[in-house]
Amino acid sequence: KWLAWVAVALTLGLLCWVPFLRSLTRRVAQMEQATARIADGRFATALDTRHQDELGRLAASIERMAQRLGAQVAAQKRFLGDTAHELRSPLARMQVALAILERSAHEHPEYLESLKEEVTEMSRLTDDLLRLAREELLTPTSVAVPTNVTDAVQRAVRLECRAGERVEVHVPSTLAVMMDPDSLTRAISNVLRNALRYAGDAGPVTITAQAAGALVDIVIADQGPGVPPHTLERLFEPFYRVDEARDRKTGGVGQGLAIVQSAVHSCGGTASCRNLVPHGFEVRLSLPRVPRTVERFA
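Because the structure is a prediction, the values reported are computed rather than measured. (Residues numbered from 1 in each chain as written. Predicted model: local features only at pLDDT ≥ 70, side-chain atom pairs only at ≥ 80, totals over all residues. Heavy atoms only, no water.)

Now for the overall build of the protein. Looking only at helices and strands, one finds 7 helices and 7 strands in the protein. The order of α-helices and β-strands along the protein, N terminus first, is α-α-α-β-α-β-β-α-β-β-α-β-β-α. For the protein, restricting intrachain contacts to residue pairs at least 6 apart in sequence, the fraction spanning at least 24 positions comes to 68%. As displayed, the protein has an accessible area near 18,100 Å², and 57% of this comes from carbon and sulfur atoms. (Helix = DSSP H or I, 4+ residues; strand = E, 2+ residues; numbered from the N terminus. Contact = heavy atoms within 4.5 Å. Areas by Shrake-Rupley, 256 points an atom, 1.4 Å probe, with all protein chains shown as cover.)

If you want it as structure tokens, here you go:
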């Protein structure tokens, strides 16, 4: 008889505790998902803060943290955009003045050439800042459309490759991705520019692409010495530079790969990099492949 009472007690205990445990695990899972979204840079959270227990207070703290982080990141990006916008006008006037000065500069032409290089580099930085701010802060205005990979690669090569620089392209002519054409060209151009700048003398830079299920992998690889392994996960951060990276001739400002990542993320793709063995460095852009129905229609 006492076994029956034990069974009844256990049953009642389970009936009382199971809903509580389910509610507890559900709330913990929601907070875990929210923190994962915050880590990915998505600060919009909607947690249940109605409860006044410890988990309720923790959820409220997570929401406050997400709101503050979102506000700080938005302010930082807005600052970058405003700064770049304000710099464009005086830089344009400086370039016009340089063009006029060049016509009458007969003595010490080396100073004029050096000044022109500095202004050109500042102009590139300004354009990169403005582009990065637009893609990360503003609502994207570009639309993902079927884009031929070969066309984008050839445009990038024409823009970045100079006399004497070797670039080998191995891309199927029919391969297409769902991405804005200008964004794809810009992403490939930034990666190719880095490869040519830091490792162009070590051998040809290769650009390959192939379908991988629902994705298309575009790989830009060089034969330089690569980068220190501990810097790999930071290369896509804005303004991050590796001083000892790949036989540097002139340093950039650390915006190129950040722009690449923003452009790729805007279409649902990913960007990654790694050192090659025994030497070399590659950047891989994994982009959504054109769906077969769209491909047949096109």
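Moving on from the model shown.
Across the sheet, 5 strands lie side by side as E2-E4-E5-E7-E6; this open sheet has mixed pairing. Of all strands in the sheet, those bounded by a partner on one side alone are strand E2 (167–170) and strand E6 (270–275). Sheet twist, expressed as the average angle between the axes of neighbouring strands with direction ignored, equals 15°. Across 7 bridges, the pairing between strand E4 (residues 205–212) and strand E5 (residues 215–222) is antiparallel. Bridge pairing links threonine 206 to alanine 221 in E5. Together, E6 and strand E7 (281–288) form the strand contacts of helix H6 (residues 256–265), whose direction differs from that of E7 by roughly 20°. (Pairing = 2+ DSSP bridges. Axes fitted to C-alpha atoms, helices over the stretch in contact; angles between N-to-C directions.)

As a further point, take unusual backbone geometry. Cis rather than trans, the peptide bond between valine 277 and proline 278 has omega equal to 5°. With respect to the helices, strands and loops of the structure, proline 278 is situated in the loop between E6 and E7.

In this section: the pattern of salt bridges. In the structure shown here, the tally under the stated rule is 7 salt bridges. Here arginine 284 makes a salt bridge to aspartate 217, at a shortest N to O gap of 3.5 Å. Here arginine 284 is found in strand E7, whereas its partner aspartate 217 is found in strand E5, with 67 residues between them in sequence. You can call aspartate 217 buried: its relative accessible area is 12%. As a salt-bridge pair, glutamate 282 and arginine 274 come within 2.9 Å of each other at their nearest N and O atoms. Glutamate 282 gets classed as buried once you look at its relative accessible area, which sits at 7%. (Salt bridge = Lys/Arg side-chain N within 4 Å of Asp/Glu carboxyl O. Buried < 20%, exposed > 50% of the residue type's maximum accessible area, 1.4 Å probe, protein only.)

Tracing the sequence through the fold places valine 205 in strand E4. Residue classification places valine 205 among the buried positions, given a relative accessible area of 0%. Residues valine 205 and aspartate 222, spaced 17 residues apart in sequence, show a C-alpha to C-alpha distance of 4.6 Å. Setting aside chain neighbours within four positions, we find valine 205 in contact with Arg166, Val167, Glu168, Leu192, Ala195, Leu196, Ile220, Ala221 and Asp222.

What follows deals with the pairing of strand E3 (residues 176–179). Walk down a regular strand and you will see the side chains alternate between the two sheet faces. Burial along E3 is two-sided: Ala176 and Met178 facing one way and Val177 and Met179 facing the other are all buried. Across 4 bridges, strand E1 (residues 145–148) lies against E3 in antiparallel orientation. Looking across to E3, one finds that asparagine 148 is bridged to alanine 176.

On to H6. H6 sits mainly inside the fold: 8 of its 10 residues count as buried. Listing the buried residues of H6 in full gives Gly256, Leu257, Ala258, Ile259, Val260, Ser262, Ala263 and Val264.

What follows deals with the packing of helix H4 (residues 149–160) against helix H5 (residues 181–199). One way to put it is that H4 packs onto H5 with a least axis distance of 8 Å and a crossing angle of 45°. Considered as vectors, H4 and H5 are oriented oblique to each other. Classified by chirality, the crossing of H5 by H4 is right-handed. Where H4 abuts H5, its residues Ala152, Val153, Arg155, Ala156, Val157, Leu159 and Glu160 lie against Pro181, Asp182, Leu184, Thr185, Ile188, Ser189, Leu192, Arg193 and Leu196. (Parallel < 35°, antiparallel > 145°, perpendicular 65-115°, else oblique. Left-handed = near helix turned anticlockwise from the far one by under 90°.)

Before going further, it helps to examine the nonpolar core. Of all hydrophobic cores here, the largest spans 39 residues; its most connected members are Val149, Ile218, Leu285 and Leu287. Elements represented by at least two residues in this core include exactly H4, E3, H5, E4, E5, H6, E6 and E7. Per-element accounting of this core gives the leading share, 7 residues, to H5. The next biggest cluster of nonpolar side chains, apart from the first, holds 8 residues, and it includes Met31, Ala34, Leu55 and Ile62. (Core = buried A, V, L, I, M, F, W, Y, C linked by side-chain atoms within 4.5 Å.)

Turning our eyes to something else, we now look at the packing of H5 against H6. Closest axis-to-axis distance for the H5/H6 pair is 9 Å, and the angle between their directions is 150°. Judged by the inter-axis angle, H5 sits roughly antiparallel to H6. Considering the relative orientation of H5 and H6, their crossing is left-handed. Together, Ser183, Arg186, Ala187, Asn190, Val191 and Asn194 of H5 and Gly256, Leu257, Ile259, Val260 and Ala263 of H6 make up the contact between the two elements. Of the residues assigned to the contact of H5 with H6, the class counts are 6 nonpolar, 4 polar and 1 charged. (Nonpolar A, V, L, I, M, F, W, Y, C, P; charged D, E, K, R; others polar.)

In this section: the side chain of aspartate 222. Mapped onto the fold, aspartate 222 is located in strand E5. Among the polar contacts made by the side chain of aspartate 222, one reaches the main-chain amide nitrogen of glycine 224 at a distance of 3.0 Å. (Polar contact = N/O pair within 3.5 Å; in protein donor to acceptor, adjacent residues only side chain to side chain.)

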